[in-house]
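Structural overview for review
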Amino acid sequence: MGVSDWFKKTPKETGRDKNTAKENKLLDVAQARFEVAKAGKVDMDGHDLHTKWKRLDEVYRGKQWGAVPEGKSAPVLNYIFSLVESTVPRLTDIAPEITIMPRRDPETQELADALTTAQEYLWDVNEMKQKSSEGTRLCLKFGTAIYKTYWDWARYDGLGDVAYSVVHPMNFFPDPRAYTIKQMDYCFTKNPTSLEYIKRRFKDKGHLVSPDSDWGDTENSPGQTQELYVSLMEYWFRDEAGNMCVMYYAGDIVLDIIGGEYDGSNEPIYRHNRFPFERQLNYPVDKQFWGLGEIEVIENIQRLVNSFEAQIIDNTRLLANGIWKVNKKQSGLTEDDSWMFDNTPGSVYFTMDGGVEREPGVPIPPHVTAHQERLIFSMEQILGIHDVVQGRKPSGVRAASAIIALQEAANVRVRQKAREMEYTFKQLADMANWLVLEFYNEPRRLRVTGANPYVTLDVHTALEHRMTEVAGEMGMVEPGATPETLRASDQVMGTDQMGQVMKDVRFPEFDIEIKVGPSVPYSQALLYQQALEFYQAGIIDRQAVLDTVGFPKREEIMERMAQQEQAAAEAATQQQQAPPGVQL
């Protein structure tokens, strides 16, 4: 069935008449704000960012020439792709270490340890190694990556769990007056979504939605497909009381509104009451929401490198081959006989003097290749990609420690990007903590790495006990009360003291420490060298060395070494206890 047949079957019951008056009023505000946000997505020079990002993506994929005259070469030495892709693994090869610590209340250490375990689990189950690479690649290409942290009720048969996702910058529309996420009053995401998904998720009104083709200003274009898609809009905003809310709509159909006064809860959609988004910047730009990408910095140099390469190729193709000079009078040959000379590519010149001679080709001017090499060198210097970063030994340096020191010095640019990643992931972890505290209301058995791969995480019980203690200190409940005594009292009195405590007492506050790296080879080499020197000096033991290197099966190695040492010690003891003259 073709697309035209599908359109004939679209329902007639569409439009604002299916919304309430309150929904239509909010829809008017949302649609007006979206046009403002869309118009505000421009760079520092006022150019449309979507047009710019599409061009940068083409450059990244190697489409770096416009119209090329017939007969001319159009080579691409895609250093941009190489430089971007060599930076991504250096930033994302090793998962960050996330540690949660109590901020003010030492009594919440047990809860902090549970949250640390939860963070390790969430990083793994959300496949953040792949998603962080995706986000970092977008950041390098376009200057900005957007991450979303939310509670996904569809997971585990409705039990739900924390979810991370990467939002392409072309699908994100922030408040144009804001320079940061915290400054926003509202924002939008716009994603082409299948009509079937809309009907499954929004059962009440999904059948009223008509397919559209308004995907020009998003990244996730369905492409050449026969399926029907609709632009699903998420409008994140605050109600008059300051509660964070979200409205889902497609066209003129309001599908759902969650949070605040709109769903009757008069509470934010999440307890942290923040926008569920965070951005990662490549190079921050003053008073700008969007960052500066690597491709934009070196695009012109890349095109010059290609231009010089085309000149070299054309020169070689047309002039490098030897040229035949043919005397028509002495040789008896004419232009019709040029097929006899295998000179493709090249030229055959017919003269009236001399015989048939072979002339050497014209060499490529040395300044052309020299200047091309200077351009490539400049490109690497601009991006901070030096010899030691690319695995080439610097000239005049032979000592391993000196090379490692140079490698570490060359890591300045990458360390700055790592700091930006640390800040981004810290915000993601903070929002994830809030969601775990809010929605993990029963023990969960989680799979994590380490000696004990499976752990039972009971965040809710630890949270209830601590918040009940705080409520007792505040005078909300009797001092010394426990969640069990409050529930027993609630059953007798018909009250909900425990629910009131969980609603009115603030969640404990935690500090988050994140270490990104050492995820670059030269930082690892420096760390390994230091670990070896510390072991030789007796500062650390061999277990610490193996842990630092991350050597495979190090637990088994340590166990075998311990067994060998124990056997050697027992043999030495038996030898000492043997009678004189007896050899064991």
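Residue numbers run consecutively from 1 along every chain, following the written order of its sequence. Only residues with pLDDT of at least 70 are given local features in this predicted model, and only at 80 or more are side-chain atom pairs given and counted; all residues enter the totals for whole chains, interfaces and linings. Calculated side-chain values reflect all of the structure's heavy atoms, with hydrogen atoms and water omitted.

**Points about the sheet that holds strand β3 (residues 161-167)**
Note the following rule: Strand pairing follows a simple DSSP-based rule, namely that at least 2 bridges must link the two strands. Starting at the N terminus, helices and strands are each numbered in turn, a helix being any DSSP run of H or I of at least four residues and a strand any DSSP run of E of at least two. Helix axes use the C-alpha atoms of the stretch in contact, all axes being lines fitted to C-alpha atoms, and the angles between their N-to-C directions lie in the range 0 to 180 degrees. In this description, contact between two residues means that some pair of their heavy atoms is separated by no more than 4.5 Å.
In space, the 3 strands of this open sheet follow the order β3-β2-β9, with antiparallel pairing throughout. Because the sheet does not close on itself, it has two edges, and the strands there are β3 and β9 (277-281). With direction set aside, neighbouring strand axes in the sheet form an average angle of 25 degrees. Inspection of the sheet shows strand β2 (residues 144-152) paired to β9 by 5 bridges, in the antiparallel sense. The residue bridging Ile-146 from the neighbouring strand is Arg-279, located in β9. Contacting β2, β3 and β9, helix α6 (residues 128-142) crosses the sheet at an angle of about 150 degrees to β2.

**Remarks on the sheet that holds strand β7 (residues 244-250)**
The 5 strands lie next to each other as β4-β5-β6-β7-β8, forming an open sheet whose pairing is antiparallel. The strands lining the two open edges of the sheet, one partner per strand, are β4 (172-174) and β8 (253-258). Geometrically, the sheet is characterised by an average inter-axis angle of 20 degrees between neighbouring strands, direction not taken into account. With 3 bridges connecting them, β4 and strand β5 (residues 186-194) associate as antiparallel partners. By the bridge assignment for β5, Pro-174 is matched with Cys-187.

**Quick notes on the environment of Lys-515**
As for its placement among the helices and strands, Lys-515 is situated in strand β15 (residues 510-515). For the pair formed by Lys-515 and Ala-418, sequence separation is 97 residues and the distance between their alpha carbons is 9.0 Å. Leaving out residues up to four positions away in the same chain, Lys-515 has contacts with Pro-96, Glu-97 and Glu-422.

**Side note on the packing of aromatic side chains**
Counted only if it meets this: Two aromatic rings, drawn from Phe, Tyr or Trp (for Trp, its six-membered ring), form a pair once their centres lie within 6.5 Å of each other, and the interplanar angle then sorts them: stacked below 30 degrees, edge-to-face above 60, tilted otherwise.
One pass over the full model with this rule turns up 22 aromatic pairs. Ring centres of Phe-237 and Tyr-262 lie 5.6 Å apart, and the angle between their planes is 75 degrees; on these two criteria the pair is classed as edge-to-face. Here the residue Phe-237 occupies a position in strand β6 (residues 229-238), and Tyr-262 occupies one in the loop between β8 and β9, the gap between them amounting to 25 residues. Consider the rings of Trp-434 and Phe-507, whose centres lie 5.6 Å apart with planes at 35 degrees: the pair is tilted. Placement of Trp-434 in helix α12 (residues 412-439) and of Phe-507 in the loop between α15 (497-504) and β15 is noted, with a sequence separation of 73 residues between them.

**Examining the confidence of the model for the protein**
Keep this limit in mind: pLDDT expresses, on a scale from 0 to 100, how confident the predictor is about each individual residue.
Here the protein averages 82 in pLDDT, and 80% of its residues register 70 or above. In the model of the protein, helix α1 (residues 3-8) stands out as the element of lowest mean pLDDT, 46, in contrast to β4, which has the highest, 97. Segment residues 518-522: pLDDT under 50, and 22 contacts once partners within four positions in sequence are set aside and those in other chains are kept.

**Examining the pattern of salt bridges**
What counts, and what does not: Here, a salt bridge means any Lys or Arg side-chain nitrogen found within 4 Å of an Asp or Glu carboxyl oxygen.
Per the stated rule, a full pass over the model turns up 28 salt bridges. One salt bridge in this structure joins Arg-16 and Asp-28, with 2.8 Å as the shortest N-O distance. One end of the pair, Arg-16, is in the loop between α1 and α2 (21-39); the other, Asp-28, is in helix α2, with 12 residues separating them in the sequence. Note that Arg-466 is salt-bridged to Asp-105, the shortest N-O span being 2.5 Å. Within this pair, whereas Arg-466 is found in helix α13 (residues 459-474), its partner Asp-105 is found in the loop between β1 (97-102) and α5 (109-125), the two being separated by 361 residues in sequence. Overlapping salt bridges bring together Arg-103, Arg-104, Arg-506, Glu-509 and Asp-511 as one network.

**Looking at α6**
Since the α-helix turns once every 3.6 residues, residues separated by three or four places project in the same direction. Note the following rule: Here, expected helix span is obtained from the residue count minus one, scaled by 1.5 Å. Only protein chains enter the accessibility calculation, which uses a 1.4 Å probe; a residue is then buried when its area is under 20% of its type maximum, exposed when over 50%, and partly exposed in between.
Taking 1.5 Å of rise per residue, the 15 residues of α6 would be expected to cover 21 Å, and the 20 Å separating its terminal C-alpha atoms lies within 8% of that figure. Taking burial as the measure, the 15 residues of α6 include 11 buried ones, the bulk of the element. Among all positions in α6, only Met-128, Lys-131, Ser-132, Ser-133, Gly-135, Thr-136, Leu-138, Cys-139, Leu-140, Lys-141 and Phe-142 are buried. Phi for Gly-143, located one or two positions after α6, is positive at around 100 degrees.

**Brief notes about the nonpolar core**
Formally: Take the buried residues of types Ala, Val, Leu, Ile, Met, Phe, Trp, Tyr and Cys, join any two whose side-chain atoms come within 4.5 Å, and each joined set is a nonpolar core.
Counting 100 residues, the largest nonpolar core has Phe-172, Trp-236, Leu-255 and Phe-277 as its most contacted members. It is α12 that contributes the most residues to this core, 12 residues altogether. Aside from chain neighbours lying at most four places away, what touches Phe-172 is Lys-41, Ile-146, Val-167, Ile-181, Met-184, Cys-187, Phe-188, Thr-189, Phe-277, Phe-289 and Trp-290.

**Some points on helix α14 (residues 483-493)**
Operational definition: The directions considered for the arc run from the helix axis to the C-beta atoms.
Among the residues of α14, those classed as buried are Pro-483, Leu-486 and Asp-490. All buried residues of α14 lie within an arc of 60 degrees about the axis, which places them on one face of the element. Exposed residues on α14 whose side chains face more than 90 degrees from its buried face are Gln-491 and Val-492. Summarising the contacts, the buried residues of α14 are in contact with α13 and α15.

**Looking at a nonpolar patch on the surface**
For clarity, the threshold we go by: What makes a patch is a set of residues exposed beyond 30% relative accessible area and free of salt bridges, joined within 9 Å when like-charged and within 5 Å when nonpolar (Val, Leu, Ile, Met, Phe, Trp, Tyr). All accessible areas in this document rest on Shrake-Rupley with a 1.4 Å probe, and a residue is counted as covered only by the protein chains that are shown.
A cluster of nonpolar side chains, namely Leu-527, Tyr-528, Val-549 and Phe-551, defines an oily patch on the protein surface of about 300 Å² accessible area. Locating Leu-527 in the fold gives a position in helix α16 (residues 521-536). By relative accessible area, Leu-527 is classed as partly exposed at 32%.

**Comments concerning empty space enclosed by the protein**
Threshold: Computed over the protein atoms alone on a 1 Å grid, cavities are sets of points where a 1.4 Å probe fits but cannot get out and pockets are open sets with protein on both sides within 12 Å along at least five of seven lines; a residue lines them when it has an atom within 4 Å of a point. Grid points are joined across faces, edges and corners, and a volume is the space filled by probe spheres set on the points. We call Asp, Glu, Lys and Arg charged. Ala, Val, Leu, Ile, Met, Phe, Trp, Tyr, Cys and Pro are nonpolar, and the rest, Gly among them, are polar.
A complete count under the given rule lists 4 cavities of 30 Å³ or more for this structure. If you add up the space inside the second largest cavity, you get close to 50 Å³. Around the second largest cavity, the lining residues are Leu-91, Thr-92, Ile-94, Ala-95, Pro-96, Trp-123, Lys-129, Ser-132, Met-421, Phe-425 and Val-516. For the lining of the second largest cavity, the elements supplying multiple residues, two or more each, are α4 (79-92), α6 and α12. A breakdown of the residues in the lining of the second largest cavity according to their chemical character gives 8 nonpolar, 2 polar and 1 charged.

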